[in-house]
Amino acid sequence: MLLAEPMVSSWKARLSLGFSYLENRTVLSERSHDGPLVVQKPLYPEGQGVCHAIVVHPPGGIAGGDELELNVRAGEGASVLLTTPGATKWYRTAGACAKQSVALDVRGRLEWLPQETIVFDGALAQASCEVDLAADAGLIGWDIVCLGRTGSGERFRRGSYRSSIGIRREGKLLWLERARIDGGGRLLESPAGLAGSPVFGTLFVSFPLVEKAILEDMRKQNPVEGKGAVTMLPGILLARYLGDSSEAARRYFIALWRILRPRLTGLEAIEPRIWQT
């Protein structure tokens, strides 16, 4: 029996955050929000130089007609790690498309490490992430998507999921990827598409300099389930996951992050506390 989406009015929500480096400390210097999208109190589990922040959508899921907008600016010298408290859920809808847009303006260092996205059967979802990097800025981010609630045996048979990720440095496009996945469509089973796997993910990294030795170390890592791959393009390093487990995808990307973070930032890979709950 299919469960309908919760009967609520659609939400329009916007959250804007600005981080600055002041007196040897990364601080949340700007914050404004409209609607149910907020940030929790900044945390400093690894000292004052790096600010950890958790972006929260209190309704717990994105329903048809909802529109969420997150804008983040990391100023020069600032070091920020952003994550979410749990999976993002896109509910089934019989009507309007739901949208989420993320815009990241990075002048310092930013790690955008949200937990996975679950697209319910019958959802109409559109997600975008646009990143603008300054000449000396650094970025580590990932995106993990699960089509259907696989824990209950649900498959993505109806609906549509559209996504777009674009990364620029000093206005020059480094990488742009767009996808449209239709429920029950050929792409789900095609060997050139998802090959029957409901979970896929991308880790994206851009720093002014990434040594090839990092690539080789990353390639020594393998997910406990599913398949992983790592490649380097001009100005950007990418890792992919394809399989049946969101947890396996997350643990694989965390293992890669543990290699990347010390080598690129000089910082120990200290996981956000919320990941342990």
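Owing to the predicted nature of the structure, the values given are computational and were not obtained by experimental measurement.

1. Topic: helix α1 (residues 212-219)
Turning to step 1, where the next piece is worked out: Of all the residues in α1, the buried ones are Ile214, Leu215 and Met218. Down the axis of α1, the smallest arc covering the buried residues is 105°, so these residues share one side.
Turning to step 2, where the next piece is worked out: Contacts from the buried residues of α1 go to β16 (227-233), β17 (236-243) and α2 (246-265).

2. Remarks on the side chain of Ser79
Turning to step 1, where the next piece is worked out: The residue Ser79 is located in strand β6 (residues 79-83) in this model.
Turning to step 2, where the next piece is worked out: The contact partners of Ser79, leaving out residues within four places of it in the chain, are Thr26, Gly49, Val50, Cys51, Arg109 and Leu267.

3. Overview of the sheet that holds strand β1 (residues 12-22)
Turning to step 1, where the next piece is worked out: Strand order in the open sheet made by the 7 strands is β2-β1-β5-β8-β11-β13-β14, with mixed pairing throughout. A single partner strand is all that each edge strand has here, and the edge strands are β2 (25-34) and β14 (172-182). Strand-to-strand twist of the sheet, defined as the mean angle between neighbouring strand axes without regard to direction, takes the value 10°.
Turning to step 2, where the next piece is worked out: Pairing of strand β8 (residues 98-106) with strand β11 (residues 124-133), which is carried by 9 bridges, proceeds in the parallel orientation. What sits directly across from Gln100, in β11, is Ala127.

4. Things to note about α2
Turning to step 1, where the next piece is worked out: When the terminal C-alpha atoms of α2 are compared, their 27 Å separation across 20 residues agrees well with the 28 Å that a helix rising 1.5 Å per residue should span.
Turning to step 2, where the next piece is worked out: A side-chain oxygen of the first residue of α2 lies 3.3 Å from the backbone nitrogen of Glu247; this N-cap is Ser245.
Turning to step 3, where the next piece is worked out: Looking one or two residues beyond α2, the residue adopting positive phi is Gly266, at roughly 75°.

5. Observations concerning unusual backbone geometry
Turning to step 1, where the next piece is worked out: Even without glycine at this site, Asn24 takes up a positive phi of about 65°.
Turning to step 2, where the next piece is worked out: Structurally, the position occupied by Asn24 is in the loop between β1 and β2.
Turning to step 3, where the next piece is worked out: For Ala195, which is not glycine, the phi dihedral falls at a positive 55°.
Turning to step 4, where the next piece is worked out: Within the element layout of this structure, Ala195 appears in the loop between β14 and β15 (199-206).

6. A closer look at the packing of aromatic side chains
Turning to step 1, where the next piece is worked out: Tallying each qualifying case throughout the model produces 6 aromatic pairs.
Turning to step 2, where the next piece is worked out: Seen from their ring centres, Tyr252 and Phe253 are 5.8 Å apart, and the 35° between their planes marks the pair as tilted.
Turning to step 3, where the next piece is worked out: Every member of this aromatic cluster is reached through a ring pair, and the members are Trp142, Tyr252, Phe253, Trp257 and Trp275.
Turning to step 4, where the next piece is worked out: Here Arg149 stacks its cationic end above the ring of Phe120, 4.1 Å away from the centre of that ring.

7. Quick look at the side chain of Ser163
Turning to step 1, where the next piece is worked out: Mapped onto the elements, Ser163 comes out in strand β13 (residues 160-169).
Turning to step 2, where the next piece is worked out: When near neighbours in sequence (up to four residues on either side) are disregarded, Ser163 contacts Ala127, Glu177, Arg178 and Ala179.

8. Some points on the pattern of salt bridges
Turning to step 1, where the next piece is worked out: Scanning all chains against the criterion turns up 15 salt bridges.
Turning to step 2, where the next piece is worked out: Between Arg73 and Asp105 there is a salt bridge whose closest N-O contact spans 3.7 Å. Of this pair, Arg73 sits in strand β5 (residues 67-74) while Asp105 sits in strand β8, and the two are 32 residues apart along the sequence.
Turning to step 3, where the next piece is worked out: Notably, a salt bridge pairs Arg263 with Asp217, separated by 2.8 Å at the nearest N-O pair. Linking Arg263 in helix α2 with Asp217 in helix α1, this pair joins segments that are 46 residues apart in sequence.
Turning to step 4, where the next piece is worked out: When salt bridges that share partners are traced, they join Glu46, Glu111 and Arg261 into one network.

9. Side note on the nonpolar core
Turning to step 1, where the next piece is worked out: Among the nonpolar cores identified, the biggest contains 49 residues, and Leu17, Phe19, Leu82, Trp90, Leu104, Leu147 and Tyr161 are the most heavily contacted of them.
Turning to step 2, where the next piece is worked out: Looking at which element gives the most residues to this core, the answer is β11, with 5 residues.
Turning to step 3, where the next piece is worked out: Those residues within four positions of Tyr161 in sequence are excluded, and the remaining contacts are Trp90, Val119, Ala125, Ala127, Asp143, Val145, Leu147, Phe156, Ala179, Arg180, Ile181 and Phe200.
Turning to step 4, where the next piece is worked out: Core analysis: the second largest hydrophobic core is formed by 37 residues, Ala63, Val205, Phe207 and Ile254 among them.

10. Description of the pairing of β15
Turning to step 1, where the next piece is worked out: Among the 8 residues that make up β15, 8 are buried, leaving the element largely enclosed by the rest of the structure.
Turning to step 2, where the next piece is worked out: On β15, burial covers both faces: Val199, Gly201, Leu203 and Val205 on one face and Phe200, Thr202, Phe204 and Ser206 on the other are all buried.
Turning to step 3, where the next piece is worked out: Where strand β12 (residues 138-147) and β15 come together, 8 bridges link them in antiparallel fashion. Each bridged residue has a counterpart across the sheet, and for Val145 the counterpart in β15 is Phe200.
Turning to step 4, where the next piece is worked out: Two elements, β15 and β17, share 7 bridges in a ladder whose sense is antiparallel. Across the sheet, the residue bridging to Phe204 is Leu238, located in β17.

The rules behind the values
- Residues numbered from 1 in each chain as written.
- Predicted model: local features only at pLDDT ≥ 70, side-chain atom pairs only at ≥ 80, totals over all residues.
- Heavy atoms only, no water.
- Buried < 20%, exposed > 50% of the residue type's maximum accessible area, 1.4 Å probe, protein only.
- Helix = DSSP H or I, 4+ residues; strand = E, 2+ residues; numbered from the N terminus.
- Arc of directions from axis to C-beta.
- Contact = heavy atoms within 4.5 Å.
- Pairing = 2+ DSSP bridges.
- Axes fitted to C-alpha atoms, helices over the stretch in contact; angles between N-to-C directions.
- Expected span 1.5 Å × (residues − 1).
- Polar contact = N/O pair within 3.5 Å; in protein donor to acceptor, adjacent residues only side chain to side chain.
- Phe/Tyr/Trp six-rings, centres within 6.5 Å; stacked < 30°, edge-to-face > 60°.
- Lys NZ or Arg CZ within 6 Å of the ring centre and 35° of its normal.
- Salt bridge = Lys/Arg side-chain N within 4 Å of Asp/Glu carboxyl O.
- Core = buried A, V, L, I, M, F, W, Y, C linked by side-chain atoms within 4.5 Å.

Geometric values such as these leave the question of function open.
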